[in-house]
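A look at the structure
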Amino acid sequence: MTMTTMHMNMQAHSPGLWALAWRRLCADRVGMAALAVVAGFLLLVLLSATGMLASDWEDEVAVNYAPPTFVGADAAARALAQAQLPRATPPNAFDPLAAELAELEAQVAQTHPPVEKRTTLPFGADKWGHDIVKKTIKGGETSIVVGLVAALLAVALGTLFGAVSGFYGGWVDDLFNWFYSIFTAIPAILMILTVAAVLQQKGVATIVLILGLTGWTGPYRLMRAEYIKHGAREYVMAADAIGASAWQRMFGHILPNVSHVALVQMSILVVGFIKAEVILSFLGFGVPVGTVSWGSMLNEAQNELILGKWWQLAAAAGAMALLVTSFSLFADALRDALDPKIK
């Protein structure tokens, strides 16, 4: 009796799949460091979306192409700053309206005194005098939100299609496989550009739809295989025997046991979709005018680089490289942690 009680207590305190996965993830130092970086970026996105950070990124706080502080302001930047300060226009004897214009300019100068713009910023300014640091944070909000929402849409569609295809089989499976073959026959970037050209609309919602509707094939293939494998297992047959419906078996019994596959796929797709948004915005199919993203910053930076103004390119590319690398390392660590074959 005592042995039975001890066995029952051990079963009651046995850690589950997610607890074991968290232990494996905590033991991976690289994965935890990558998770900390990703969490930092998500915190910046939250602060930016709520207006607590980089809400004034459009303010012209510096002269055009103000260099970074660690580079230093040159004489040309100081001269440009002085030249941009408004000055009263001297009256012209040959212009009958010169006196009135000079008086009007004086009144405007009194009500709106000129603001002296900075000649340097921590990481420089763009051609409009916007702070590159704040612009990078605001651009990261757009790119990261697009990556997360589009990945969630793609995984949701892939899971739904894969569940129906793998569970029912037959002609339903053949129909979904036909759609899958069509989407995978065309290279992903060409499919994305094709859908973008057909829609002929710019906006964050449009980019999310483009990426989500073209990125479901990877999750579909994996989830279909998982549903085929789990559909013949004992716990699904037992649920069928007690009268559970097909949808209850698909999403109430099988889905919790294969959800780790969808989670890993989402973490992988976020990386790809962030890069895809950057490519779309760089090519002019992405965010509209007035909305900043890392892709639009790179698009602007290609002209600035010719003039030797490299700081906007370095800021956008560096932030994107850090996030993508961290997300990739975290996705690898998460996949290893959720693998039940790892002891």
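Keep in mind the model is a prediction, meaning the values are calculated, not measured.

1. Description of the overall build of the chain
In terms of helices and strands, the chain carries 14 helices and zero strands. Overall, the chain shows an N-to-C arrangement of helices and strands of α-α-α-α-α-α-α-α-α-α-α-α-α-α. Residue burial in the chain is summarised as follows: out of 343 residues, 37% are buried. In the chain, 78% of the contacts between residues at least 6 apart in sequence involve partners at least 24 apart. For the chain, the exposed area adds up to about 19100 Å²; of that, 67% sits on carbon and sulfur atoms.

2. Some thoughts on the UniProt feature "transmembrane region" (unreviewed entry) in the chain
With numbering matched to this structure, UniProt assigns "transmembrane region" (unreviewed entry) to residues 144–168, 175–198, 204–223, 268–290 and 310–334. Counted over residues 175–198, helix gives 92% and strand 0%. Its end C-alpha atoms are 25 Å apart.

3. Examining the confidence of the model for the chain
Scored by pLDDT, the chain comes out at a mean of 81, with 82% of its residues at no less than 70. Confidence, read as mean pLDDT per element, is least for helix 4 (residues 75–84) in the chain (49) and greatest for helix 3 (residues 29–49) (93).

4. As for the side chain of Thr206
Take Thr206: it is sitting in helix 9 (residues 204–214). Those residues within four positions of Thr206 in sequence are excluded, and the remaining contacts are Leu199 and Gln201.

5. Quick look at helix 12 (residues 246–283)
For helix 12, which comprises 38 residues, the first-to-last C-alpha distance of 45 Å sits more than 12% below the rise-based estimate of 56 Å (1.5 Å per residue). Largest kink in helix 12: about 70 degrees, centred on Leu255, with the proline Pro256 one to four residues after it. Gly284 sits one or two residues past helix 12 and shows a positive phi near 95 degrees.

6. Notes on helix 10 (residues 217–230)
Compared with the 20 Å implied by 1.5 Å per residue over 14 residues, the 20 Å span of helix 10 between its first and last C-alpha is a close match. Each element contacted by the buried residues of helix 10 is listed here: helix 6 (132–168), helix 7 (170–185), helix 9, helix 11 (234–241) and helix 12.

7. Describing the packing of aromatic side chains
In this description, an aromatic ring pair is defined by two values, namely the gap between the centres and the angle between the planes. Within this structure, the stated rule accounts for 13 aromatic pairs. Residues Phe161 and Trp216 carry aromatic rings whose centres are separated by 5.2 Å and whose planes lie at 90 degrees to one another, so their mutual orientation is edge-to-face. Here the residue Phe161 occupies a position in helix 6, and Trp216 occupies one in the loop between helix 9 and helix 10, the gap between them amounting to 55 residues. The exposure class assigned to Trp216 is buried, which follows from its relative accessible area of 4%. Through pairs of rings, three or more aromatic residues link up here, namely Phe161, Phe176, Tyr180, Phe183, Trp216 and Tyr220.

8. Let's talk about the packing of helix 3 against helix 14 (residues 311–338)
Interhelical geometry of helix 3 versus helix 14 gives an angle of 135 degrees and a closest axis separation of 8 Å. Relative to helix 14, the element helix 3 is oriented oblique. Here the hand of the crossing between helix 3 and helix 14 comes out left-handed. Together, Val30, Gly31, Ala34, Leu35, Val37, Val38 and Phe41 of helix 3 and Ala319, Leu322, Leu323, Ser326, Phe327, Leu329, Phe330 and Ala333 of helix 14 make up the contact between the two elements.

9. Overview of the pattern of salt bridges
Here the structure, examined in full by the defined rule, presents eight salt bridges. Put simply, Asp240 and Arg249 hold a salt bridge, and the shortest N to O gap is 3.7 Å. We note a salt bridge from Arg335 to Asp332, for which the minimum N-O separation is 3.0 Å. Of the two residues, Arg335 and Asp332 both sit in helix 14, three residues apart, roughly one turn of that helix.

10. Focus on the nonpolar core
By size, the foremost hydrophobic cluster in this structure holds 55 residues, and its most contacted members are Leu211, Tyr227, Phe273, Trp294, Leu323 and Phe327. The element best represented in this core is helix 12, accounting for 15 residues.

11. Points about unusual backbone geometry
Backbone geometry follows two general trends: most residues other than glycine have a negative phi, and most peptide bonds adopt the trans configuration. A positive phi angle is found at Ala54, which is not glycine, with a value near 60 degrees. Its place among the elements puts Ala54 in the loop between helix 3 and helix 4. You will see that Tyr65, though not glycine, has its phi angle at about 55 degrees, which is positive. With respect to the element layout, Tyr65 can be found in the loop between helix 3 and helix 4.

12. A short note on the environment of Lys135
Position of Lys135 relative to the elements: it lies in helix 6. Of note is the side chain of Lys135, whose polar atom sits 2.7 Å from the side chain of Glu300.

13. Some details on the packing of helix 11 against helix 12
Relative orientation of the contacting elements helix 11 and helix 12 amounts to 160 degrees, with a least axis distance of 11 Å. Comparing their axes, helix 12 and helix 11 come out roughly antiparallel. By crossing handedness, the relation of helix 11 to helix 12 is classed as right-handed. Residues Tyr235, Val236, Ala239 and Asp240 of helix 11 form the contact with helix 12, whose participating residues are Arg249, His253, Ile254 and Asn257.

Basis of the calculations
Residues numbered from 1 in each chain as written. Predicted model: local features only at pLDDT ≥ 70, side-chain atom pairs only at ≥ 80, totals over all residues. Heavy atoms only, no water. Helix = DSSP H or I, 4+ residues; strand = E, 2+ residues; numbered from the N terminus. Buried < 20%, exposed > 50% of the residue type's maximum accessible area, 1.4 Å probe, protein only. Contact = heavy atoms within 4.5 Å. Areas by Shrake-Rupley, 256 points an atom, 1.4 Å probe, with all protein chains shown as cover. UniProt positions renumbered as here; feature names shortened; annotations may be inferred. pLDDT = per-residue confidence, 0-100. Expected span 1.5 Å × (residues − 1). Bend = angle between axes of the 7 residues up to and from the residue. Phe/Tyr/Trp six-rings, centres within 6.5 Å; stacked < 30°, edge-to-face > 60°. Axes fitted to C-alpha atoms, helices over the stretch in contact; angles between N-to-C directions. Parallel < 35°, antiparallel > 145°, perpendicular 65-115°, else oblique. Left-handed = near helix turned anticlockwise from the far one by under 90°. Salt bridge = Lys/Arg side-chain N within 4 Å of Asp/Glu carboxyl O. Core = buried A, V, L, I, M, F, W, Y, C linked by side-chain atoms within 4.5 Å. Polar contact = N/O pair within 3.5 Å; in protein donor to acceptor, adjacent residues only side chain to side chain.

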